[in-house]
Amino acid sequence: MSVRESEAVVVSTNYSFIGYIDEELNGLINELKDFREEIQTVEKCKAHYFKAREYYKHIEFFVEHVSPIQAKYKINGALVPKFAEYEEGFVVDPCGFQKIEEQLFSGDELIISDLEKEVVQLIEVFQELKNGYATIRLDKHLYLEMLQLQLVRIASMNLNGYDATFTKTNLQEVDWNFTSMQQIVTCFKSEIGNNPEASKALKAVLKSIQTAQKTLQKNSDFDSFNRLDFISVELENVNGSLVHLHRALGLPWSEHKQALKLNSERLFSPETLNPQFFSIYYSDQSDLERQASLGKLLFYDPILSANNERACSSCHQPDKAFTDGLRTSQAFNRDGFLERNAPSLINTLYQKAFFYDGKAYQLEQQIRDVVHNEKEMGSKLEEVVLKLRQSEEYRALFKAAFTTQKDAAISEYAISKAISEYEKSLIAMNSRFDRYLAGDKKSLNQREINGYNLFAGKALCGSCHFFPVFNGTVPPYFMDSEYEILGTPATNENKSLDPDKGRYLVTKVQKQMYAFKTPTVRNSELTAPYMHNGIYTDLKQVLQFYQKGGGEGFKYPVPNQTLPFDSLQLSDYEQENIILFLKTLTDTVGLKQAPFKLPRFESKPQWNARSWGGVY
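What you are looking at is a predicted structure, and each value in this text was computed from that prediction instead of being measured.

### A short note on the overall build of the protein chain
Of the regular secondary structure elements, the protein chain holds 22 helices and four strands. Here the protein chain has a C-alpha radius of gyration of 26 Å; the compact-globule value for 616 residues is 25 Å, and the two agree. Its C-alpha atoms give the protein chain principal-axis dimensions of about 80 × 65 × 50 Å. Within the protein chain, the fraction of its 616 residues that count as buried is 58%. Taking all contacts inside the protein chain whose residues are at least 6 apart in sequence as the whole, residues at least 24 apart take part in 70%. Surface exposure of the protein chain reaches about 25,600 Å², of which carbon and sulfur atoms provide 50%. Taking the 70 positively charged and 81 negatively charged side chains of the protein chain as two groups, their mean positions are separated by 4 Å.

### What about the environment of aspartate 229?
Its location among the elements puts aspartate 229 in helix 10 (residues 227-248). A relative accessible area of 27% places aspartate 229 in the partly exposed class. When the C-alpha positions of aspartate 229 and leucine 32 are compared, they lie 36 Å apart, and in sequence the two are 197 residues distant.

### Quick word on the packing of aromatic side chains
Aromatic ring pairs are defined here through the distance separating the ring centres and the angle between the ring planes. Applying the stated criterion across every chain yields a total of 44 aromatic pairs. Between the aromatic rings of phenylalanine 62 and tyrosine 143, the centroid separation amounts to 6.0 Å while the plane-to-plane angle is 20 degrees, which identifies the pairing as stacked. Pair noted here: phenylalanine 62 is in helix 2 (residues 42-66) and tyrosine 143 is in helix 6 (residues 140-156), with a separation of 81 residues, a long-range link. Each member of the pair, phenylalanine 62 as well as tyrosine 143, carries the same accessibility label: buried. Seen from their ring centres, phenylalanine 601 and tryptophan 607 are 5.1 Å apart, and the 80 degrees between their planes marks the pair as edge-to-face. The pair phenylalanine 601 / tryptophan 607 is uniform in exposure class, with both members buried. Among the aromatic residues, those joined into a cluster by ring pairs are Phe268, Phe433, Tyr452, Phe455, Phe467, Phe470 and Phe581. The aromatic ring of tyrosine 55 is capped on one face by lysine 51, whose charged end is 5.2 Å from the ring centroid.

### What about the side chain of serine 264?
Note that serine 264 resides in the loop between helix 10 and helix 11 (288-300). We classify serine 264 as buried; its relative accessible area is 17%. Among all residues touching serine 264, those that are not within four sequence positions of it are Gln148, Asn239, Val243, Ser269 and Thr272.

### Some thoughts on the environment of isoleucine 100
Structurally, isoleucine 100 is set in helix 4 (residues 97-105). A relative accessible area of 1% places isoleucine 100 in the buried class. Expressed as a C-alpha distance, the spacing of isoleucine 100 and glycine 325, which sit 225 residues apart in the sequence, is 44 Å. When near neighbours in sequence (up to four residues on either side) are disregarded, isoleucine 100 contacts Phe35, Tyr49, Leu115, Glu118, Val119 and Leu122.

### Quick look at unusual backbone geometry
With an omega of 5 degrees, the peptide bond running from phenylalanine 467 to proline 468 counts as cis. Relative to the assigned elements, proline 468 resides in the loop between helix 18 (446-456) and strand 3 (483-484). In this chain, proline 475 is followed by proline 476 through a cis amide linkage whose omega measures 0 degrees. Position of proline 476 among the secondary structure elements: in the loop between helix 18 and strand 3. One non-glycine residue, phenylalanine 322, lies in positive phi territory at about 65 degrees. With respect to the secondary-structure elements, phenylalanine 322 resides in the loop between helix 12 (312-315) and helix 13 (363-372). Exposure remark for phenylalanine 322: the relative accessible area of 0% places this residue in the buried category.

### A closer look at the nonpolar core
Nonpolar side chains in soluble globular proteins tend to end up buried together. Residues Phe62, Phe126, Tyr133, Phe178, Phe433 and Tyr452 are the most contacted members of the largest nonpolar core, which totals 127 residues. Per-element accounting of this core gives the leading share, 10 residues, to helix 6. Counting residues in each nonpolar core, the second largest holds 41 residues, with Ile303, Cys312, Ile346 and Leu598 among its members.

### Examining the pattern of salt bridges
Per the stated rule, a full pass over the model turns up 30 salt bridges. For the salt bridge of glutamate 173 with lysine 57, the shortest nitrogen-to-oxygen distance reads 3.7 Å. With glutamate 173 in helix 7 (residues 170-186) and lysine 57 in helix 2, this residue pair connects regions lying 116 residues apart in the sequence. When its relative accessible area of 2% is taken as the criterion, glutamate 173 is described as buried. Under the relative-accessibility criterion, lysine 57 is labelled buried at 1%. A salt bridge links arginine 290 to aspartate 287; the nearest nitrogen and oxygen atoms lie 2.4 Å apart. Exposure remark for arginine 290: the relative accessible area of 43% places this residue in the partly exposed category. Relative accessible area serves as the criterion here: at 13%, aspartate 287 is assigned to the buried category.

Quick notes on the rules
Residues numbered from 1 in each chain as written. Predicted model: local features only at pLDDT ≥ 70, side-chain atom pairs only at ≥ 80, totals over all residues. Heavy atoms only, no water. Helix = DSSP H or I, 4+ residues; strand = E, 2+ residues; numbered from the N terminus. Rg over C-alpha atoms; globule rule 2.2 N^0.38 Å. Buried < 20%, exposed > 50% of the residue type's maximum accessible area, 1.4 Å probe, protein only. Contact = heavy atoms within 4.5 Å. Areas by Shrake-Rupley, 256 points an atom, 1.4 Å probe, with all protein chains shown as cover. Lys, Arg positive; Asp, Glu negative; His and termini not counted. Charge placed at Lys NZ, Arg CZ, Asp CG, Glu CD. Phe/Tyr/Trp six-rings, centres within 6.5 Å; stacked < 30°, edge-to-face > 60°. Lys NZ or Arg CZ within 6 Å of the ring centre and 35° of its normal. Core = buried A, V, L, I, M, F, W, Y, C linked by side-chain atoms within 4.5 Å. Salt bridge = Lys/Arg side-chain N within 4 Å of Asp/Glu carboxyl O.

So this is what it looks like as structure tokens:
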């Protein structure tokens, strides 16, 4: 069993929290055992499946937090192979609840022995957890924080069809989530004593949960449910009341490194995301603004390239949301083109992997790879260091930006750090969609609202492009990056598979052949052409590719395609609504201003003729 670092601690004699978890685990294990006993009768199996799901959804908030590896790989992972980034070559095929759901409800021939295998494995996993949880005691504030994280899971995954893909019982399952929230919150009654503020806050939490449940119970249809209003009103209200209760009880907040600042009354806002979590320099708070300003100069300065003509901004242009508008970027010295499309750098901070194949795990590594790539910059960081040291102005800028370094001289580290700090500043989370979430209900029209609900519902786009960042970094912990095998064609004629092997080139795992990292769809209005090879010129073509069912839907072979092969059954009008929604995610405000001039080189006057931004 895996328990998050520094969270398993001994507390006083109140065991009501873990007692509730243990009770639900007992019910879950017994239900699965009954499932196995009656496995020959399909209708009884389905009934046992739903009852077991209910028990699991009651404790999902706890299992996902305390035992994330088991949750992801053995209990409730998506119906695609899972790859452990920390263990080379480790692959887990789909198993657990979602595999059982597929076997029971997909309409395919049911093989009893396979179904029994899945049920037995789940029984073993939950029995192992039950045994382990008997010795765990957690600080009480963690339970409130786990409930907040469950709200994020609901918004970004449960309501987006990440699980329950065949039964589409997501709304019922979210209702089950809230039932357990009531139980956990009620456990805090013994903590209130004579604290009237805490008593009031507890009542407010329970009322907000009950209101959310009433909304769910009035709506049973997954596709038509207005999840956007549910997120922006009901989930935000529950979160706000949980924060008030946390404060009223005088409980501490977790100090461990995490992606979300849970002491924020708004859960789905830019301020809740912790930018330092996504940096390898987590505790570094010094000189960041000066480093970012220096990094901006370096980003636009072609001095980083071997010929002093190409800058980072040559392929990541601010007026194109930091892309270049080309199918694939032009290669160094105009010698042909690169193999892949230039991705946007806006909100690039909110990732744990970089490049389409995820070969870099830090922004700093990504910068090195680009500078050293013979087809991109054709240079070496050690050569860039020697060049920059010949500029008095650059020497002064580096010294001012790295005041805590013993050696403030220009270095490979300082170059990478400065550029990465600039890229981290390219945050745009104030689109019309974000303003709607913040309470400006006039910022979206009804077709745009419907477009989001289709994106997250019927079209299942949100099961890969996770709300609210809309990339493939998995909430609520933002530790993993999703890779999908879509079967992207070689051309927009959709006749044959693109030969780029994607993630396989990094991992050499056969089942990741043709897999690519899920990019953000924020600012997609500005980032055409689309896909890793830039074959689609507009968003309508992209939607039609998904509508058809990816490569397999176009009848050419795609090994291990993770995209469903069947049609999404979206009308032209519905596809238009999704595109209208995507355009509400456009936001480049404050990110377009380039430097007015670049630093000079006293001993190399010929270098002073270079143009900021590069010439191509």
